[in-house]
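An overview of the molecular structure
Read off the chains here:
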Amino acid sequence: MASTDLGEMKLHRPQRGGSIGLVLLIAVVLVGAAVGLLQVGRGNTSLYILILLAILGTVGVFSLFALAAGILRFAGQETDDSAIRGIVDGAFDGILVTDGGGRVLYANDAYLNLIGAAGVKDVRPIERVFLGDPDVSEAVYRLLKAAREGRRLQEEVRVGGARGEPGRWLRLRVRPGVDGRKARTTIWSVADVTRDREKQENVFQELQHAIDYLDHAPAGFFSADSAGNIVYLNATLASWLDQDLAEVGSGGLKLSDIVPGEGASMLLIPPVPGEVKTEVLDLDFKTSGGRSIPVRLFHKVAFGADGAAGPSRTLVLNRARGEGEDAQRAAEVRFMRFFNNTPMAIATVDRSGRIVRSNALFARMFRGAGDGDRSILATVAERERSGLEQAITQASEGQGDIQPVEAALSDGAERFATFFVTAIDDDGERDSESAIIYALDNTERRALENQIKQQQKMDTVGQLAGGIAHDFNNVLSAIMMATDFLLGAHKPTDPSFADIMQIKQNANRAASLVRQLLAFSRRQTLRPQVLDLGESLSDLTILLRRLIGEKVKLDVVHGRDLWPVKADLSQFEQVIVNLAVNARDAMPDGGKLTVRTANVLGDDPRIQAYKGLPRSDYVLVEVSDSGTGMSSEIMTQIFEPFFSTKEVGKGTGLGLSTVYGIVKQTGGFIYVDSELGKGTTFRIFLPRHIAEKDEAGSIDKPAIALAAAGTLADVAQADLTGRGTVLLVEDEEGLRALNARGLASRGYTVLTASNGVEALEELERSEGKVDIVVSDVVMPEMDGPTLLREMRKTNPALKMIFVSGYAEDAFQKNLPPGGQFAFLPKPFTLKQLVEQVKQTLAT
């Protein structure tokens, strides 16, 4: 309306208009004065000119005072507001202007009519017009407050009619204004909107009637958004499902609450941008109590230009009504339930592979894979579509016994499925159903098969590596023993002494490689102890900083209150060192190495993320780098022995295989995550150690005295000689001879045997006068554990030392309960052998 489009309205005041006649009169007077001066003559003109100038000056001074006082105004200083005044006077809305004190400055005729004023003298401000109505008074108070704060505000109020007249709806508006003297004013607008409100109420009533009709229609109806939230549910469907309508629209009710199993997947229609899709579906709905209701849905979804799905419009027919009276309907319902609830994805396709119909599981398995074209070929990776296409062609030609097709799916999630295709009779038309396809998701089966194959491969390689290491240990033992004899026979000044030392150093290096092979095959000797990984890592930090260099930043993040674990400290340190060295080599230009520890509970989601990791409590050790990362192909091979991505001569390929073997032998699990260009993370899960549980469940084990290579602190280093009879049992003739020679050189009487049977015979010939037996574990005819059992039958106190390239765990299960023995791992030096014999005899 006109009243609402006014700007900062200035009040109208009477003004004098300019007159052209007055201007002409002044001009005539001035011209006449000039002519008169010319007639007087030059001699007398000066006096008259002065008089004229004085008169003009006096008039000018008085005019200036009049302008300053506002008595006179320039004609261009004010604009003629007659047009604006005409608009306001004729406006349909009532216009009222008040000053800062609330006095009325202006009111148009429409305002006078709206308030029922008899004339100009009866004009009242708005706050006085509605004094008797409390509801209106509250609205006017808010409007006055807004006006004082310089804000615009609008209110709609209902005013009761006088003398039985119907009430009216008024729209009151207020906004600040100024008058011609820049004084603050308030501009009110009052409009009668009764007719508009009546139209709105009529529309609302019609809408209520429509909703009431829809709510109580003999069919169900619901609407769901793209996220699966039900935004509308009519009363009929709510009564069928025993659902509370108060939960609808607030996110409290979802499709999964009313559609059991995989049925909700069938309601997700593949997007087709800019189109409206309608499908007829037979499903089961479930009530709030879990009871099933067979229904037929007419499901309609509109898609935007970008393919985004709008809210659905779904009509629901209850097929349970009259089911007992209609045998055909009952059969259809039974088939529908069988078809949709079977644990196998089923679909029918035409000759081209277009999906004609499918069950709920099929819709869930292949949701979004077809990109709206509804072709089953689009669900399969492009490289493997030919096999499925050929199977469909065979089925459309009526062939039987079609071979199953196993293919990767095209959704990019590394999923696989097996498709079983069977032929059905069609009417010869291309668009009719030509084949039934049954699909099984075998992703988990393939992953498990790959995991088993990888485990079997690692076990086989481990057995091979362990066997090689065992045989190689015998060779190394002979070499190391021979070099000890040579070093004892040559002085340091001898020219060949340096060559012998070089042989010994290379033998020690070879022994180190053999120990790594044994670690991978999980056949090395471990000395487990209860560890606090936080303290262990803190002690290792200085060594790690030296290993990784200055270019790589080391960050060790300790978890709070770490649980204890049971592991071999030196082997655990070897694991961290190997991973740190690998990380350093992956960051040639520098980077960051992070070692992080944390407790992981059995119900932690991280456990579910790693296949093969049992539910239990673990201590997690993460070693992360910001290096070059690895591809998926390399990650499948990193734990294999002698596999390396480094240049020739820069790695043995045993670092990560050693890590793998140590973690596995400790009872832990190791996983790797890596991405090219972003880095690699190794996660080691070590079982939580609980002392009470371990002690309660422990079984009596042989007391084993371990001798680590080169570390027997309690044996005097100066005197390695001794006395006594030693029965040496070793199947390797050369090694047996060297060991016997070494023991004899230290003062022992040595009896030898090549296997367990000969050892028993030798023991019988010596009439049991043997102080100690040094025996290999793996021997022909009779192995070491069997020999121990036989000897203990006649001499339970006989002392025994087992020597082997394997760890004691490899043969411990074959030992008698409570058997006492010492263990010396191969390869060993002469000094280590003599130290172990002397220590065992002294105990």
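Residues numbered from 1 in each chain as written. Predicted model: local features only at pLDDT ≥ 70, side-chain atom pairs only at ≥ 80, totals over all residues. Heavy atoms only, no water.

1. What about the overall build of the protein chain?
In terms of regular secondary structure, the protein chain is built from 26 helices and 28 strands. Of the contacts formed within the protein chain by residues at least 6 apart in sequence, a portion of 60% connects residues at least 24 apart. Approximately 46,300 Å² of the protein chain is accessible, and the part contributed by carbon and sulfur atoms is 54%. (Helix = DSSP H or I, 4+ residues; strand = E, 2+ residues; numbered from the N terminus. Contact = heavy atoms within 4.5 Å. Areas by Shrake-Rupley, 256 points an atom, 1.4 Å probe, with all protein chains shown as cover.)

2. Observations concerning the pattern of salt bridges
Counting across every chain of the model gives 20 salt bridges. We note a salt bridge from R596 to E622, for which the minimum N-O separation is 3.4 Å. On the criterion of sequence distance, the pair formed by R596 in strand 19 (residues 591-600) and E622 in strand 20 (residues 618-625) is long-range, its members being 26 residues apart. Taking the relative accessible area as the measure of exposure, E622 reaches 11% and is therefore buried. (Salt bridge = Lys/Arg side-chain N within 4 Å of Asp/Glu carboxyl O. Buried < 20%, exposed > 50% of the residue type's maximum accessible area, 1.4 Å probe, protein only.)

3. So, the packing of helix 22 (residues 733-745) against helix 26 (residues 830-842)
Packed helix pairs are specified by the crossing angle of their axes together with the interaxial distance, meaning the distance between the axes. Put simply, helix 22 and helix 26 touch, their axes get as near as 10 Å, and they point 60° apart. Relative to helix 26, the element helix 22 lies oblique. Both helix 22 and helix 26 take part in a crossing whose hand is right-handed. Along the contact surface, helix 22 presents N739, G742 and L743, while helix 26 presents L830, L833, V834 and V837. Here the residues of the contact of helix 22 with helix 26 sort into five nonpolar, two polar and no charged. (Axes fitted to C-alpha atoms, helices over the stretch in contact; angles between N-to-C directions. Parallel < 35°, antiparallel > 145°, perpendicular 65-115°, else oblique. Left-handed = near helix turned anticlockwise from the far one by under 90°. Nonpolar A, V, L, I, M, F, W, Y, C, P; charged D, E, K, R; others polar.)

4. Topic: the confidence of the model for the protein chain
Across the protein chain, the average pLDDT comes to 77, with 79% of residues at 70 or higher. Every residue in residues 76-80 is under pLDDT 50, and counting partners more than four places away or in other chains gives two contacts. Overall, residues 693-718 carries pLDDT values under 50, and its contacts beyond four positions in sequence, including any with other chains, amount to 39 contacts. (pLDDT = per-residue confidence, 0-100.)

5. Topic: the packing of aromatic side chains
Applying the stated rule across the entire model yields eight aromatic pairs. Centre to centre, the rings of Y610 and Y671 are 4.8 Å apart; their planes meet at 40°, and the pair counts as tilted. Of this pair, Y610 sits in the loop between helix 18 (605-608) and strand 20 while Y671 sits in strand 21 (residues 669-675), placing them 61 residues apart in sequence. The class for Y671 is buried, based on a relative accessible area of 16%. Geometrically, the ring pair formed by Y671 and F685 is edge-to-face, given 6.1 Å between the ring centres and 75° between the ring planes. With a gap of 14 residues between them, Y671 in strand 21 and F685 in strand 22 (residues 679-687) connect regions that are remote in the sequence. Among the aromatic residues, those joined into a cluster by ring pairs are Y610, Y618, F669, Y671 and F685. Positioned above the aromatic ring of W169 is the side chain of R197, whose terminal nitrogen or guanidinium carbon lies 3.8 Å from the ring centre. (Phe/Tyr/Trp six-rings, centres within 6.5 Å; stacked < 30°, edge-to-face > 60°. Lys NZ or Arg CZ within 6 Å of the ring centre and 35° of its normal.)

6. Some points on a negative patch on the surface
A cluster of acidic side chains, namely E758, E761, E764 and E781, defines a negative patch on the protein surface. Locating E761 in the fold gives a position in helix 23 (residues 756-765). (Patch = residues over 30% accessible without salt bridge, like charges linked within 9 Å, V, L, I, M, F, W, Y side chains within 5 Å. Lys, Arg positive; Asp, Glu negative; His and termini not counted. Charge placed at Lys NZ, Arg CZ, Asp CG, Glu CD.)

7. A closer look at the nonpolar core
Counting residues in hydrophobic clusters, the biggest one holds 38 residues, and the most contacted among them are L533, I576, L579, L593, I670, F682 and I684. Among the elements that line this core, the one with the most residues is helix 17 (residues 569-585), at seven residues. (Core = buried A, V, L, I, M, F, W, Y, C linked by side-chain atoms within 4.5 Å.)

8. Brief notes about the packing of helix 23 against helix 24 (residues 784-794)
For the pair helix 23 and helix 24, interaxial distance at closest approach is 10 Å and the crossing angle is 20°. Judged by the inter-axis angle, helix 23 sits roughly parallel to helix 24. Crossing of helix 23 against helix 24: the hand is right-handed. Contacts between helix 23 and helix 24 involve G756, A759, L760 and L763 on the former and, on the latter, L787, E790 and M791. Among the residues making up the contact of helix 23 with helix 24, the classes are represented as five nonpolar, one polar and one charged.

9. Observations regarding the environment of K592
Along the chain, the position of K592 falls in strand 19. We classify K592 as partly exposed; its relative accessible area is 36%. In this structure, the C-alpha to C-alpha distance between K592 and V552, residues 40 residues apart in sequence, is 5.4 Å. The contact partners of K592, leaving out residues within four places of it in the chain, are V552, K553, D555, M587, S624, D625 and S626.

10. Points about the sheet that holds strand 8 (residues 276-286)
Taken in spatial order, the five strands make up an open sheet running 7-6-10-9-8, and their pairing is antiparallel. In this open sheet, the two strands that pair with only one neighbour each are strand 7 (230-233) and strand 8. Pairs of neighbouring strands in the sheet enclose a mean axial angle of 25°, with direction left out of account. Sheet topology note: the strand 9 (residues 292-302)/strand 10 (residues 313-318) ladder contains six bridges and is antiparallel. Its bridge partner being in strand 10, H299 is matched across the sheet by T314. (Pairing = 2+ DSSP bridges.)

11. A short note on the environment of I684
You can see I684 is positioned in strand 22. Sequence spacing of I684 and F669 is 15 residues, and the spatial spacing of their C-alpha atoms is 5.7 Å. Not counting the four nearest positions on each side in its chain, I684 is found in contact with V575, L579, V619, L620, V621, V663, F669 and I670.

12. Points about unusual backbone geometry
When glycine is set aside, most residues are seen to have a negative phi, and most peptide bonds are trans. Look at D242: it is not a glycine, yet its phi comes out positive at around 55°. Among the structural elements, D242 can be located in the loop between helix 8 (235-241) and helix 9 (255-258).

13. Considerations on the sheet that holds strand 17 (residues 552-557)
Spatially, 17-19-20-22-21 is the arrangement adopted by the five strands of the open sheet, whose pairing is mixed. For this open sheet the edge positions go to strand 17 and strand 21, each flanked by a neighbour on one side alone. Within this sheet the neighbouring strands show an average axis-to-axis angle of 15°, counted without direction. The sheet contact formed by strand 21 and strand 22 spans seven bridges and is antiparallel. Paired with D673 across the strands is T681, a residue of strand 22. Against the sheet, helix 16 (residues 533-548) engages strand 17, strand 19, strand 20 and strand 22, with an angle of about 180° to strand 17. The strands that helix 17 touches are strand 19, strand 20 and strand 22; relative to strand 20, the one it contacts most, it runs at about 25°.

14. Remarks on helix 26
Residues that lie three or four places apart on an α-helix share one face, since the helix turns once every 3.6 residues. Here helix 26 is 13 residues long and its end C-alpha atoms lie 18 Å apart, about the 18 Å a rise of 1.5 Å per residue gives. The complete set of buried residues in helix 26 reads L830, Q832, L833, V834, E835, Q836, V837, Q839 and T840. (Expected span 1.5 Å × (residues − 1).)

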